[in-house]
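Secondary and tertiary structure notes
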Amino acid sequence: MFSDINSREDFQRIPELAINPLGDRIINAFFPEGEDQVNFKGFMRTLAHFRPIEDNEKNKNPPANEPLNSRTNKLLFAFRLYDLDRDDKISRDELLQVLRMMVGVNISDDQLGSIADRTIQEADTNGDSCISFQEFMKVLEKVDVEQKMSIRFLH
Amino acid sequence: MDCFMSPADELLSQYLGLSINVWLTLVFGFLIVPAVLGVSFGIHKYYTRTLLCIFEWATLQMELNAQEKNHQLYRHYTNGIVSKMPDSTLRQEIQDLRRTADCLSLEPRFDLADVFFFCRKGLESILDDDVTKCFSAQELESWNLLTRSNLNFRYISLKLLALWVLGVVIRYCVLLPFRVTVAVTGIFLFIVLSTVVGFLPSTKLRRYLSDTVHLMGYRLCVRSLSGVITYHNRENKPKNDGICVANHTTPIDGIILANDRCYSLVGQLHGGLLGMIQRAMAKSSPHIWFERAEVKDRHLVAKRLRDHVADENKHPVLIFPEGTCVNNTSVMMFKKGSFEIGCTVYPAAIKYDSRFGDAFWNSSQSGLVGYLLRLMSSWAIVCSVWYLPPMNRK
């Protein structure tokens with residue numbers, strides 16, 4: 001499947017990815033800023049976010065360079081799926097875009113808008129009508145991120 | 001002059017002369033004449049049945065031995081390389097989300113964590129998708145005395161080892177030379193006869209002769225591979241006014257289908273031996289061969305196909321819409337170019353029985369010559385062809 005360098009079309013050929021609402025954004029996550037090709041090293045870097053967190057790592061003090069699959073970095077990966085323009089804030093528009101992709105076309109714009117407003121209201125603590133990364137982390141602090149964002153390989 | 005040859009030499013030359021005579025008679029009587037007439041002695045059916053009995057015996061031996069030694073014989077069929085959670089599939093989850101969104105009375109449930117599910121599913125599908133699985137050869141469940149098709153082979157018992165060695169000797173020293181000579185004879189005859197027929201003026205007689213010559217050539221090729229083909233639903237056999245589409249597993253798919261009726265093949269004109277065969281074929285029957293430069297021009301291709309299909313006297317065009325060889329367990333997405341002509345489509349399905357030899361060509365693993373060698377030293381090529389009902393564009 002993997003040749004030395006891959007482009008976006010290679011990923012788009014996978015049928016299950018095509019029906020995934022976040023398919024395009026996931027593909028974008030593999031490509032570094034502004035580039036159209038990803039090599040194996042870049043591929044592995046992105047994949048490393050999904051390594052399960054080992055039990056003995058949870059108790060260690062966070063080292064100077066945090067590993068890619070730490071809880072914070074997993075959350076950052078998910079945050080970046082929302083935050084397209086990389087300004088470290090999820091604006092109302094960006095949230096609306098993701099909502100539209102996930103719930104489809106049968107729901108009216110107004111309803112979508114109200115869901116977005118409610119979500120921002122619940123998360124926003126500093127009143128700027130955007131969700132920053134810190135607020136994002138706070139909302140999801142009870143969610144078992146490690147289990148939901150890990151992929152285990154069979155032997 | 002004779003007194004210079006020792007008696008041993010004389011005996012040897014007499015023996016050689018006799019065996020060549022016997023050989024030619026056998027080949028002519030058992031292969032060429034039946035190939036021209038289209039009859040079969042049924043030798044191959046007995047051959048395959050005998051082989052199956054031997055394979056079952058060998059598998060039984062292995063199972064008994066494994067029970068004695070108490071270890072696992074068959075590797076677990078792995079369903080992939082990532083452990084997928086048994087929760088809802090992607091489609092179900094999307095439907096769930098959208099259904100709750102439709103109900104106006106309930107607040108649609110959505111929270112920021114929903115994105116995790118889709119994210120993980122997306123990554124899983126990148127790592128372990130259904131498409132890549134189609135490009136590696138199928139694993140057999142029982143052993144067919146060909147080491148190359150069983151990854152679990154290890155020394156079981158002396159009996160089986162002896163059987164395997166016997167099998168290798170038979171396959172490489174008896175079957176392979178026999179098949180190669182038959183193939184060479186067949187192709188040579190085919191080229192000569194096809195060129196000769198090409199000189200006749202274009203009449204009904206010439207069409208009949210060219211059909212016979214083509215069918216003879218295809219049948220000889222199939223017999224040179226020890227092919228046993230079963231055709232189902234013959235009432236749906238393609239007629240002269242359309243295209244025939246089939247799944248693609250090996251380069252010899254075209255020959256398997258053409259064993260039953262003549263088709264017009266489409267393809268690029270090669271050089272060398274293959275090009276010579278292609279040109280000889282084109283002399284007596286209208287095949288569609290493209291020069292390298294013409295292949296890129298889609299309109300030219302479509303126009304030639306359309307003209308060919310419109311002529312009632314020409315055979316149906318044989319097209320493989322997958323565009324590449326797949327391992328015969330599933331079908332890849334079709335490329336739509338061939339269906340744009342808008343004529344009747346006759347689908348056909350080819351399924352190979354891999355107990356007698358794996359016909360799948362993995363072009364990244366071996367070249368064409370290596371592939372043909374492997375094919376000719378397998379036990380047999382057994383396959384079934386199903387003709388499906390014809391379809392028209394609505």
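What you see is a predicted model, and the numbers here were worked out from it, not measured in a lab. (Residues numbered from 1 in each chain as written. Chains lettered and ligands numbered in written order. Predicted model: local features only at pLDDT ≥ 70, side-chain atom pairs only at ≥ 80, totals over all residues. Heavy atoms only, no water.)

**Some points on the overall build of chain B**
Assigned secondary structure in chain B consists of ten helices and seven strands. A buried classification covers 42% of the 394 residues belonging to chain B. Put simply, of all contacts in chain B between residues at least 6 apart along the chain, 76% involve residues at least 24 apart. Taken as a whole, chain B presents about 22,500 Å² of accessible surface, with 64% of it coming from carbon and sulfur. (Helix = DSSP H or I, 4+ residues; strand = E, 2+ residues; numbered from the N terminus. Buried < 20%, exposed > 50% of the residue type's maximum accessible area, 1.4 Å probe, protein only. Contact = heavy atoms within 4.5 Å. Areas by Shrake-Rupley, 256 points an atom, 1.4 Å probe, with all protein chains shown as cover.)

**Quick word on the overall build of chain A**
When its secondary structure is counted, chain A shows ten helices and four strands. In chain A, which comprises 155 residues, the share counted as buried stands at 42%. Pairs at least 24 apart in sequence give 54% of the contacts found in chain A among residues at least 6 apart.

**Let's talk about the pairing of strand E6 (residues 344–353) of chain B**
Residues and elements named next belong to chain B. Summarising burial for E6: seven of the ten residues are buried, a large majority. Pairing between strand E2 (residues 242–246) and E6: five bridges, direction parallel. By the bridge assignment for E6, valine 245 is matched with proline 347. (Pairing = 2+ DSSP bridges.)

**What about the packing of aromatic side chains?**
Taken as a whole and judged by the stated rule, the model has nine aromatic pairs over all chains. Centroid distance phenylalanine 79 of chain A to phenylalanine 136 of chain A: 5.2 Å. Interplanar angle 65°. Geometry classified as edge-to-face. One end of the pair, phenylalanine 79 of chain A, is in helix H6 (residues 71–82); the other, phenylalanine 136 of chain A, is in helix H9 (residues 133–139), and 57 residues separate them in sequence. Judged by relative accessible area, which is 1%, phenylalanine 79 of chain A ranks as buried. Here tryptophan 361 of chain B and tyrosine 371 of chain B contribute two aromatic rings whose centre-to-centre distance is 5.8 Å and whose plane-to-plane angle is 35°, an arrangement assigned as tilted. Of the two residues, tryptophan 361 of chain B is situated in the loop between E6 and helix H10 (368–376) and tyrosine 371 of chain B in helix H10; the sequence distance between them amounts to ten residues. Classification of tyrosine 371 of chain B as buried rests on a relative accessible area of 1%. The rings of Phe79, Tyr82, Phe133 and Phe136 of chain A are connected pair by pair, giving a single aromatic cluster. (Phe/Tyr/Trp six-rings, centres within 6.5 Å; stacked < 30°, edge-to-face > 60°.)

**Things to note about the nonpolar core**
If you look at the biggest cluster of nonpolar residues, it comprises 50 residues, and the most contacted ones within it are Phe11, Phe30 and Phe136 of chain A together with Phe116 of chain B. Among the secondary structure elements, those contributing two or more residues to this core are helix H3 (23–30), helix H4 (40–47), H6, helix H7 (92–103), helix H8 (109–123) and H9 of chain A together with helix H4 (114–127) of chain B. The dominant element in this core, judged by the number of residues it contributes, is H4 of chain B, at eight residues. Those residues in contact with phenylalanine 136 of chain A that sit more than four places away from it in its chain are Leu75, Ala78, Phe79, Tyr82, Ile90 and Ile131 of chain A together with Leu112 of chain B. Val197, Leu265, Cys325 and Ala348 of chain B belong to the second-largest nonpolar core, a separate cluster that totals 39 residues. (Core = buried A, V, L, I, M, F, W, Y, C linked by side-chain atoms within 4.5 Å.)

**Comments concerning the UniProt feature "domain: EF-hand" (unreviewed entry) in chain A**
Summarizing the sequence annotation, UniProt attributes the feature "domain: EF-hand" (unreviewed entry) to residues 70–105 and 111–146 of chain A in the numbering used throughout. A distance of 35 Å separates the end C-alpha atoms of residues 70–105 of chain A, which is 67% helix and 6% strand. (UniProt positions renumbered as here; feature names shortened; annotations may be inferred.)

**Structural notes on unusual backbone geometry**
All names here are of chain A. The phi dihedral of aspartate 88 falls on the positive side, at around 65°, and the residue is not glycine. Along the chain, the position of aspartate 88 falls in the loop between H6 and strand E3 (89–90). For serine 129, which is not glycine, the phi dihedral falls at a positive 55°. By the element assignment, serine 129 lies in the loop between H8 and strand E4 (131–132).

**Comments concerning the side chain of glutamate 135 of chain A**
Residues and elements named next belong to chain A. Along the chain, glutamate 135 falls in helix H9. Only 3.4 Å separates the side chain of glutamate 135 from the side chain of threonine 125, close enough to count as a polar contact. Here asparagine 126 takes part through its backbone nitrogen, which lies 3.4 Å from a polar atom of the side chain of glutamate 135. Sequence-distant contacts of glutamate 135, defined by excluding residues within four places in its chain, comprise Ala123, Asp124, Thr125, Asn126, Asp128 and Cys130. (Polar contact = N/O pair within 3.5 Å; in protein donor to acceptor, adjacent residues only side chain to side chain.)

**So, helix H6 (residues 204–224) of chain B**
Its 21 residues give H6 of chain B an end-to-end C-alpha distance of 30 Å, which sits within 8% of 30 Å, the value for a rise of 1.5 Å per residue. Just downstream of H6 of chain B lies serine 226 of chain B, where phi reads positive at about 55°. (Expected span 1.5 Å × (residues − 1).)

**Concerning the sheet that holds E2 of chain B**
Residues and elements named next belong to chain B. Overall, mixed pairing links the seven strands, which are arranged E1-E7-E6-E2-E5-E3-E4 in an open sheet. Of all the strands in the sheet, the pair left with one neighbour each is strand E1 (227–232) and strand E4 (288–290). On average, each strand axis in the sheet is inclined to that of its neighbour by 25°, with strand direction left out of account. Sheet topology places strand E3 (residues 264–268) next to E4; three bridges connect them, and they run parallel. Bridge pairing in E4 links glycine 267 to tryptophan 289. (Axes fitted to C-alpha atoms, helices over the stretch in contact; angles between N-to-C directions.)

**Some points on the environment of valine 266 of chain B**
Residues and elements named next belong to chain B. Tracing the backbone shows valine 266 in strand E3. Considered as a pair, valine 266 and tryptophan 289 are 23 residues apart in the sequence and their alpha carbons are 5.8 Å apart. Setting aside anything within four residues of it in sequence, one finds valine 266 in contact with Ile288, Trp289, Phe290, Leu305, Val317 and Leu318.

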